[in-house]
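# Chains, contacts and geometry: an overview
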Amino acid sequence: MHKQTLFLLTSVLALSPQTWAADLSVSDAWVRATPPGKMMTAAYATLQNMSNETLVITGVTSDVTAHTSVHETRIERDRATMRPVPKLTLNAGERTHLTPGGTHIMLMKLSEPLTDAQSIDICFTLENNAPVCNEFSVTKHRASMKHH
Ligand SMILES: [Cu+2]
């Protein structure tokens, strides 16, 4: 094979979107419908690092508000408090759950309430990687959470 052709092929393979898009898998993505009178809510998902390298999430963005961030819930003096998480690190193959009462995506200062059956896009900003975006469906109660 011609040297130049081989070089081009290698470049195309290295840049193929597959190698980027598969790095972070986002599943079970949902947002709680905004309670009446409130212009903030939280989003939840299962995240898995599908790559062989550590992935670092440095932020989140959404198409409904500029005020989107990762929060963690901590119990301090018997009270649940939330604080922003500047970085979320996922080791190779690691899976983490963003759940009510745990680490979650906070959506604040919404311009419009989010209602049932709607869906929004949320993107994860990654260190040294292209952002990964996923659709989150808005629900009042999550169906699978009824099974206790
Ligand atoms: Cu929060």
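Here is what the cut-offs are and how they apply
Residues numbered from 1 in each chain as written. Predicted model: local features only at pLDDT ≥ 70, side-chain atom pairs only at ≥ 80, totals over all residues. Heavy atoms only, no water. Helix = DSSP H or I, 4+ residues; strand = E, 2+ residues; numbered from the N terminus. Polar contact = N/O pair within 3.5 Å; in protein donor to acceptor, adjacent residues only side chain to side chain. Contact = heavy atoms within 4.5 Å. Core = buried A, V, L, I, M, F, W, Y, C linked by side-chain atoms within 4.5 Å. Buried < 20%, exposed > 50% of the residue type's maximum accessible area, 1.4 Å probe, protein only. Salt bridge = Lys/Arg side-chain N within 4 Å of Asp/Glu carboxyl O.

Turning next to the side chain of S51. Considering the arrangement of structural elements, one finds S51 in the loop between strand 2 (41–49) and strand 3 (55–62). Polar contacts involving the side chain of S51 include one to the side chain of N49, which spans 2.7 Å. From its side chain, S51 meets the backbone oxygen of E53 in a polar contact 3.0 Å long. Those residues in contact with S51 that lie beyond four places of it in its chain are D23, A92 and G93.

Time to look at the nonpolar core. If you look at the biggest cluster of nonpolar residues, it comprises 27 residues, and the most contacted ones within it are L24, V26, L47, F124 and F136. Of all the secondary structure elements, the ones that give two or more residues to this core are strand 1 (24–32), strand 2, strand 3, strand 6 (88–90), strand 8 (104–108), strand 9 (119–126) and strand 10 (132–139). If sequence neighbours within four positions are ignored, F124 has contacts with L24, V26, L47, I57, G59, V60, I105, P131, V132 and F136.

Once that is clear, we can look at the pattern of salt bridges. In total, this model carries 3 salt bridges according to the counting rule given. Across the pair E72 and R74 runs a salt bridge, and its minimum N-O distance is 3.3 Å. Of the charged contacts in the structure, one is a salt bridge between E76 and R83, with a shortest N-O distance of 2.5 Å. On the accessibility criterion, E76 (36% relative accessible area) is partly exposed. R83 gets classed as partly exposed once you look at its relative accessible area, which sits at 30%.

Limitation: the analysis is restricted to geometry and does not speak to function.
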